[in-house]
Each structure stands twice: as structure tokens, then as C-alpha cells.
Amino acid sequence: MRALAALIVTILASASSCDGETETAPPPATPPVTNAAIELPRATDENPEPGVFELTLEARPAEKQIGSAGPTAVWSYNGTVPGPHIEANVGDRLVVHFKNALDEETTIHWHGVRLPATMDGTVAMQTPVPPGGTFEYEFVLKDAGLFWFHPHVRGDLQVQRGLYGTILVRGAGEPVVDRELAVVLDDVRLLPSGGIDEYPDDEGVMLGREGNTILLNGFVAPTLRAQPGETLRLRLVNTANGRFFNLALAGHRWRVIGTDGGLVPSPFDVETLLIAPGERYDVLVSLQGQAGDELAITTEPYDRGHGSGENPALGVATLRLEGEPVIGAPFPALGSPIELLPDNAPQELIVLDEDVTGGEPIFTINGQTYPDVPPIMVPNGDVRILEVRNDAEMDHPFHLHGFFFQVRRQNGLTVDPAGRFNKDTIIVPQKSSLTLVARFDEPGMWMYHCHILEHGERGMMGEVHVE
Ligand code: C2O
Ligand code: CU
Ligand code: CU
């Protein structure tokens, strides 16, 4: 559209200069509408070979200017928070030369990526990389979607300090859109000095740490830009420790076309997009309005327990419409089919709950805390139903490593077929149960846990042993 308009302007301009009348200066070129200022820092591929994406990732301390507070001491991958954004294609091999320049041990876990267990970065399968140590991660990216990476040692502290990055894997059948942006949602609890407040009160541990400063791609209240009428695709991940985002765009609805495991078979619309820590969503929005309009992106109240529903809506960003109106790309008529897993298989019960010992909150699985939770044993290749029951008075985002699952039932009732898609992290609402099904077709010891990192680190974590 813009190219065509520019061409017409050129033709008109040349027509008027040909007829020999007064020379008029060409109209000032309208600057392109771009989000370059707030895009994620892009990882560069160090390997010219096609089909291989190779990079060096170093975990190291850095400083970041967040909003108007003083510089914040953070932990970073390659100096930035968020860390490098890797873009690759399905089937590519990812090779990561990892260096630990922190003063404590760490690992990298590749959240949502189906890979060999030895590459999964958990303490079940890997000796943590000591300060000054290195590790080579290498695996093939089998699935399209948005994934992310973060440490799996003292995750609550290391992720909070800034250790996370994204991997966007493109596959066949990507929708045609006018504009696309990868979005990392996070929050951080800043002291007036600008430092990160790491010692929240008990309530902070109970609900998971929530920051006082909301970040989109590492920016406080940034401005996103698009042209009126455009179809905008956002690829979103919530990397916060505890905060759930319930995203609204003033006057608009979101069309959900994908989630953790890539494109969904039956896209659907939502008024607000609820994203728990660890989850990803792929949404389209058809931007209505005119140049100069500023649309608020907010996170709306959501009750995840312990009175959290009373919290006010908070601003996340502004979406400013600029430039010429366009006729946006139509939304794809169809979704992307997935293999439906069988409904019948042996069942495992996973009960999530909370308790207090010695005045400290603990978070349990079947009454135990990790590593005392007995592992679930599954022969390689088998399908299992996971009955995840949440007896606690707050929601827990349940995350499984290494495999996708599909939701079959909620509180015993079969979910709408439109709700059948591949997830690796899902909200199990307070006092309710979800019936999940997964095929365990990669041997090794795999973690599952609550992705409120304070909960996972305080017991709500277990293992599935596939052999
Ligand atoms: Cu984001 Cu154990 O995971
Ligand atoms: Cu994970
Ligand atoms: Cu939890």
C-alpha cells in the first residue's frame, strides 16, 4: 500500500516538473512507521551455514537504565535485558556456546523447546555451570512458535535479575500480516535507588514476586507504532516471576491464533488476553482508528487468589496510530491442524497445594516438596493423562518440560474442541482441576513445576522419568 502511494506521488511530481512550470520542492518523505526503538535486541548468527544458528551467550552482570530511576544492577545474557532474541526456522540446529561470568552457578533451560533431556538445562540432567565455566548447548528446533530461555538454578532470583531471552521459530503456514512484533512482558520491583528489591514481604512470596514497574521489551510504558487499519501480530511471552498479565487494547479484541506449541487449530477471540508466567500467545488485532490516536494497552484486574482481584488496572504501553490508513491483511480463515492425542491412557494425579512450615510458606505436590516428590515413571513413547488438581486458594501456572500437553477436561467437563491445542504452561485456577494429556516420547528426567518461580523454588516441582 505504502509503496503504491509513493509511486503515485512520484508520478505526479514528475508530471508537474515536466510541464515547465515553477519547480516545487518534493513533499517531505513521511518517515516509515517503525518499532525499531523498542524491538528486542536481535541475536546475530555466527555461522554462515544455512540451517544452523550459532551464537555465544554469556551470563554476566550489567547495568540497565530502567525508566527514570538510577541505573539498575542486573544480570544479563550478553549485556542486555531482555537477552538476545533468536530468530530461526523449523528444522534449524541451534548451537549455543554458553559462558558463565556470574559469581554463582547457573544453567540455561529452553522453555517449551522439545529437545534431548541432556540439553534441557535442569539440575536433574546437568551439573550446573560453575562461575567461569562453559557449556555447549546444541539441538534442533523441531517446532514453530515463540519459546524462551532462562536459568534453572535459583530461578526466582536469577530470572528476576534479568536472565531471559526469546527464540522465535518460524514454520510453514505463517499468516500474512502487515506488521509483527515480539513482546516480552515482565515486571521488576525497584528500590528508590534504582536497585532491584529482592527480599519481598511474605505476601510477595505467597503470590510470587510482583514488581512495582511493568516492562515491555525492557521499557517502561513504551509507545508501539502502527498504521490505521493494519493487521498487527504480537508474539507475547510473560517472563515475570509472579505477575499475571491480562492484556487489553482499548476498543479492540484479540484474535488468538497461537500459543505455547505454535498455531492453534481453531483461532478464537478474547476481550482480554490472560498470560501467566511462562505462557506465550500469538495474537492478531485489526487496528481501528486514525492517525494520531493513542490506544492504551493495559493489564486488567484478574483474581488469581489472595485478594489479587482488587488490584487496579495498570498501564503497560501505548499503541499510537501513525501514517496513512491501509486496508489490513485479512485474518486467516483457518487455523493450523495439530495431532490430537488419545483421550484414554493411564492417569497420574498431581495435587498442588500450599502450606506453612516454621512461619514460611511452602508449596507442595501431593503433600511433598521437591526433591521429595516421588517421580512419575513413564515408558518411552507412552501417553499419560495428568490430572492436575489445585487445592490451593490461588492459581498455579503448571509447566511441563520437554513435551506439549493438551487440555481435555476442566473440573471433569470436556473442554470445547476449540480449546484443544498444544501447551507447555497452563493456569490451573484455584480450587479446580485440569485433565491434561501428553505423549512422553523422549527419554530422560524432565521437570514439571509451578511457573510462579517463588513456588517452584519452594517445593512445587516434580520430575517425570521417561525410560
Ligand atoms: Cu520456564 Cu522449568 O521453566
Ligand atoms: Cu520450561
Ligand atoms: Cu504456584
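Before reading further, recall that the structure is shown in the block above.
Residues numbered from 1 in each chain as written. Chains lettered and ligands numbered in written order. Predicted model: local features only at pLDDT ≥ 70, side-chain atom pairs only at ≥ 80, totals over all residues. Heavy atoms only, no water.

Engineer: Describe in detail the sheet that holds strand E28 (residues 425-428), supporting the description with residues and values.
Structural biologist: Judged by pairing direction, the sheet is mixed, and its five strands sit side by side in the order E23-E31-E30-E25-E28 without closing on themselves. Strands with a single pairing partner mark the edges of an open sheet, and in this sheet they are strand E23 (376-378) and E28. Across the sheet, the axes of successive neighbouring strands diverge by a mean angle of 20 degrees, strand direction being ignored. Bridge count between strand E25 (residues 396-400) and E28: four bridges; the pairing is antiparallel. (Pairing = 2+ DSSP bridges. Helix = DSSP H or I, 4+ residues; strand = E, 2+ residues; numbered from the N terminus. Axes fitted to C-alpha atoms, helices over the stretch in contact; angles between N-to-C directions.)

Engineer: Requested: an account of the coordination of the copper ion (ligand 3), with residues and values cited.
Structural biologist: Binding of the copper ion (ligand 3) to the protein goes through His396 (ND1), Cys450 (SG) and His455 (ND1), at separations of 1.9 to 2.1 Å. Positions of the donor residues of the copper ion (ligand 3), expressed as sequence spacing, correspond to H-x53-C-x4-H. Side by side, Cys450 and His455 carry an identical accessibility label, which is buried. (Donors = N, O, S within 2.8 Å, 3.2 Å for Na, K, Ca; no water. Buried < 20%, exposed > 50% of the residue type's maximum accessible area, 1.4 Å probe, protein only.)

Engineer: Run through the side chain of His111, naming residues and quoting values.
Structural biologist: One can find His111 in strand E5 (residues 109-111). Side-chain polar atoms of His111 contact the side chain of Thr425, separated by 3.1 Å. Each residue touching His111, except ones within four places of it in the same chain, is listed here: Phe147, Trp148, Phe149, His150, Gly278, Arg280, His399, Asp424, Thr425 and His451. (Polar contact = N/O pair within 3.5 Å; in protein donor to acceptor, adjacent residues only side chain to side chain. Contact = heavy atoms within 4.5 Å.)

Engineer: Tell me about the coordination of the copper ion (ligand 2), and name the residues and values.
Structural biologist: Within the protein, the copper ion (ligand 2) binds to His109 (NE2) and His399 (NE2); these donor distances fall in the range 1.9 Å. On the criterion of sequence distance, the pair formed by His109 in strand E5 and His399 in strand E25 is long-range, its members being 290 residues apart. On the basis of relative accessible area, His109 is assigned to the buried category, the value being 1%.

Engineer: Talk me through the pattern of salt bridges; I want residue IDs and the actual numbers.
Structural biologist: Where charged atoms from two side chains of opposite charge approach closely, those side chains can pair. Tallying each qualifying case throughout the model produces 35 salt bridges. Between Glu138 and Arg93 there is a salt bridge, with its nearest N and O atoms 3.2 Å apart. Here the residue Glu138 occupies a position in strand E6 (residues 134-140), and Arg93 occupies one in strand E4 (residues 93-100), the gap between them amounting to 45 residues. Taking relative accessible area as the criterion, Glu138 reaches 38% and is therefore assigned partly exposed. Look at Arg93 and you get partly exposed, because its relative accessible area is 34%. A salt bridge links Glu322 to Arg320, with the nearest nitrogen and oxygen atoms 3.0 Å apart. (Salt bridge = Lys/Arg side-chain N within 4 Å of Asp/Glu carboxyl O.)

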